[in-house]
Amino acid sequence: MDKRILWINPVTTDLFDTIFKSEFDRIKQAGTIVDVVSLTLGPGPTHLEYNCYEVMLMPEILRVIKRAEEEGYDAAIIGCFYDPVLRAAREISKKMVVTAPAEASLHIASTLGESISIIVGRRKWIPEMRENVHKYGFADKLASFKSLDMGVHDFQKDHQVTMQRMREAAREAVEKDGANVLVLGCTIEFGFYREIQEELGVPVIDASLAPFKYAEFLIELNQKFGWSHSKLDGYQSPPDEEVACWKLF
């Protein structure tokens, strides 16, 4: 069965939309159709390095999720490693799969090794990401966070500089911290995983590729077996009449 996936860049710039679309088209299954969108709010955050930026964009992310299901998508991916509004997005989605980079990457990484290090841009990101690691149940597998002292928009400026910092952080994570799986903790850290993986001989999870393939997997579970987000408790959807009355979406 065909699969329709929407990747949402939860920022107000389309700078990376074309790049992501091209990469997903290259790795997708034969029956998968993928679209990539960013938020069209006018001037606003072009990255989510600050929690207050996340909060500013949360309502629009939820609107995009709601429209995606109405337009017939089988899955939506919220493309930031903070996994913003993931639980809320699953509440408003009736049957559509919703996932995000940290959750997907950690689930995949946990099946490939016992000790995970996450390579992030800045120390500022670590507290919120550490909360998610604990929330998702992977605290006992966390070896370390490694900071590159780089912002979101720094990763793709000078690939040689980025690769050198990643290489140093990755080697330290493996040799000193005992990690046997690495996760690149930002979707904009794309394009670097394979070289580091080949050098160190451990799996290196790309945070944009992982949730995309995870979404394809979850869609298949939903289509073939009816396994999707449980609506009994935490992901229970709000009443339609309330949503309609308040014109939330």
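Residues numbered from 1 in each chain as written. Predicted model: local features only at pLDDT ≥ 70, side-chain atom pairs only at ≥ 80, totals over all residues. Heavy atoms only, no water.

Named according to an unreviewed UniProt entry, the protein chain is Aspartate/glutamate racemase family protein originating from Brevibacillus brevis. We quote the UniProt Sequence similarities (unreviewed entry) comment for the protein chain here in full: "Belongs to the HyuE racemase family." (UniProt positions renumbered as here; feature names shortened; annotations may be inferred.)

Visitor: Quick rundown of unusual backbone geometry? Include the residues and the values.
Guide: A positive phi is found at Val85, a non-glycine position, where the angle reads about 50 degrees. Take Val85: it is sitting in the loop between β3 (75-78) and α3 (86-92). Its relative accessible area of 12% is what places Val85 among the buried residues. Of note in the backbone geometry, Asp149 takes a positive phi value of approximately 60 degrees without being a glycine. Counting through the fold element by element, Asp149 comes out in the loop between β6 (142-147) and α6 (159-175). A relative accessible area of 62% places Asp149 in the exposed class. (Helix = DSSP H or I, 4+ residues; strand = E, 2+ residues; numbered from the N terminus. Buried < 20%, exposed > 50% of the residue type's maximum accessible area, 1.4 Å probe, protein only.)

Visitor: Residue-level account of the packing of α6 against helix α7 (residues 193-200), with values.
Guide: The interhelical angle for the contact between α6 and α7, taken along N-to-C directions, is 40 degrees, at an axis separation of 10 Å. The orientation of α6 relative to α7 falls into the category oblique. The chirality of how α6 crosses α7 is right-handed. Between α6 and α7, the residues in contact are Met163, Met166, Arg167, Ala170, Arg171 and Val174 and Glu195, Ile196, Glu199 and Leu200, respectively. Looking at the contact of α6 with α7, its residues break down into six nonpolar, no polar and four charged. (Axes fitted to C-alpha atoms, helices over the stretch in contact; angles between N-to-C directions. Parallel < 35°, antiparallel > 145°, perpendicular 65-115°, else oblique. Left-handed = near helix turned anticlockwise from the far one by under 90°. Contact = heavy atoms within 4.5 Å. Nonpolar A, V, L, I, M, F, W, Y, C, P; charged D, E, K, R; others polar.)

Visitor: Tell me about the nonpolar core, residues and numbers included.
Guide: Core analysis: the largest hydrophobic core is formed by 83 residues, its most contacted members being Ile65, Ile118 and Leu182. Of all the elements, helix α8 (residues 209-225) adds the most residues to this core, at eight residues. When near neighbours in sequence (up to four residues on either side) are disregarded, Ile118 contacts Phe81, Leu106, Val133, Leu142, Ser144, Phe145, Lys146, Val183 and Gly185. (Core = buried A, V, L, I, M, F, W, Y, C linked by side-chain atoms within 4.5 Å.)

Visitor: Hey, could you go over the environment of Lys224 for me, with residue numbers and the actual values?
Guide: Turning to its location among the elements, Lys224 is positioned in helix α8. There is a polar contact of 2.8 Å between the side chain of Lys224 and the side chain of Glu220. (Polar contact = N/O pair within 3.5 Å; in protein donor to acceptor, adjacent residues only side chain to side chain.)

Visitor: Summarise α6; cite the residues concerned and give the values.
Guide: In this model, α6 (17 residues) spans 24 Å end to end at C-alpha, consistent with the 24 Å of a helix rising 1.5 Å per residue. Buried within α6 we find Thr162, Met163, Met166, Ala169, Ala170 and Ala173. Buried residues in α6, looked at end-on, bunch into an arc of 140 degrees, giving them a common side. The exposed set on the far side of α6, more than 90 degrees from its buried face, consists of Gln160 and Glu175. Tucked into the core, α6 has its buried residues touching β5 (116-120), β6, β7 (181-184) and α7. (Expected span 1.5 Å × (residues − 1). Arc of directions from axis to C-beta.)

Visitor: Residue-level account of the packing of aromatic side chains, with values.
Guide: Inspection of every chain in the model, using the stated rule, returns 10 aromatic pairs. Judged by centre distance (4.9 Å) and plane angle (50 degrees), the ring pair of Trp7 and Phe24 falls under tilted. On the criterion of sequence distance, the pair formed by Trp7 in strand β1 (residues 3-9) and Phe24 in helix α1 (residues 17-27) is long-range, its members being 17 residues apart. With respect to burial, Trp7 and Phe24 carry one shared label: buried. Measuring from centroid to centroid gives 4.7 Å for Phe24 and Phe212, while their planes differ by 5 degrees, and the two rings are stacked. Here Phe212 lies in helix α8 and Phe24 lies in helix α1, a separation of 188 residues in the sequence. As far as burial versus exposure is concerned, Phe24 and Phe212 are alike and both buried. In textbook terms, an aromatic cluster arises when at least three aromatic residues are bridged by ring pairs, as seen for Trp7, Phe16, Phe20, Phe24, Phe190 and Phe212. Geometry around Tyr73 places Arg4 over its ring, the cationic atom sitting 4.0 Å from the centre. (Phe/Tyr/Trp six-rings, centres within 6.5 Å; stacked < 30°, edge-to-face > 60°. Lys NZ or Arg CZ within 6 Å of the ring centre and 35° of its normal.)

Visitor: So what about the sheet that holds β5? Which residues, and what values?
Guide: The sheet built from four strands is open, its strands ordered β6-β5-β7-β8 with parallel pairing. Edge strands, defined here as strands with exactly one partner in the open sheet, are β6 and β8 (204-205). As paired strands, β5 and β7 are joined by four bridges and run parallel to one another. Across the sheet, Ile119 pairs through a bridge with Leu184, a residue of β7. (Pairing = 2+ DSSP bridges.)

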